[in-house]
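Letter by letter, the chains look like this.
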Amino acid sequence: MQRQAAYMKRSLFNQEYLDEQFNELEELQDDANPNFVEEVVNLFFMDSVRLIRNIEFALANGPYDFGRLDDMMHQFKGSSSSIGAKRVKRECSQFQEYCNERNIEGCKRAFQGVKQEYDTLKTKLDAYFKVSPSIYLL
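Each value, and the rule that gives it
Residues numbered from 1 in each chain as written. Predicted model: local features only at pLDDT ≥ 70, side-chain atom pairs only at ≥ 80, totals over all residues. Heavy atoms only, no water. UniProt positions renumbered as here; feature names shortened; annotations may be inferred. Helix = DSSP H or I, 4+ residues; strand = E, 2+ residues; numbered from the N terminus. Salt bridge = Lys/Arg side-chain N within 4 Å of Asp/Glu carboxyl O. Buried < 20%, exposed > 50% of the residue type's maximum accessible area, 1.4 Å probe, protein only.

The chain is annotated in an unreviewed UniProt entry as Histidine-containing phosphotransfer protein of Anisodus tanguticus. Within the UniProt record for the chain, the comment given under Function (unreviewed entry) is "Functions as a two-component phosphorelay mediators between cytokinin sensor histidine kinases and response regulators (B-type ARRs). Plays an important role in propagating cytokinin signal transduction."

### With respect to the environment of Phe 129
Note that Phe 129 resides in helix 6 (residues 104-131). On a C-alpha basis, the gap between Phe 129 and Asn 35 in space is 9.6 Å, while along the polypeptide they are 94 residues apart.

### Focus: the UniProt feature "domain: HPt" (unreviewed entry) in the chain
In this numbering, the UniProt entry assigns the feature "domain: HPt" (unreviewed entry) to residues 33-128. A helix fraction of 86% and a strand fraction of 0% characterise residues 33-128, whose end C-alpha atoms lie 18 Å from each other.

### Structural notes on the pattern of salt bridges
Taken as a whole and assessed by the stated rule, the structure comprises eight salt bridges. Arg 50 is the partner of Asp 47 in a salt bridge, and the nearest nitrogen-oxygen pair spans 2.9 Å. Of the two residues, Asp 47 and Arg 50 both sit in helix 3 (residues 36-60), three residues apart, roughly one turn of that helix. Since its relative accessible area comes to 33%, Arg 50 is described here as partly exposed. When the shortest N-O distance is used, the salt bridge between Asp 126 and Lys 122 registers 3.2 Å. Of the two residues, Asp 126 and Lys 122 both sit in helix 6, four residues apart, roughly one turn of that helix. When its relative accessible area of 30% is taken as the criterion, Lys 122 is described as partly exposed. Each of Glu 16, Lys 86 and Arg 90 takes part in a single network of salt bridges with overlapping partners.

In structure tokens:
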């Protein structure tokens, strides 16, 4: 299982789903808190549900407040950065560029990309944590 977990992790990095921040989280994990990374990632996913819902609502109901949209996406981007969610972070940046241009259609398209990358990352990390519960006890 450890070999499978290592392969999955390497694949997440090679496909640029994760960046070095994920490794830095792992370095904070120890015997006293062997599930630290999984707990932090789960907190990210739980908090993201609220942010995604708020952004969806703001995009569905004009008039559009680009400053508020940018602030919410900035928060989502920061949360994504904190766990090393590289692709999600990149899509968040694209959304923010459209906010700066005051391009609501671009924001809506970019938000679909954010949600797609978020969903894919969630699926991949859920699978990773299922095969790696003891990998951090080494």
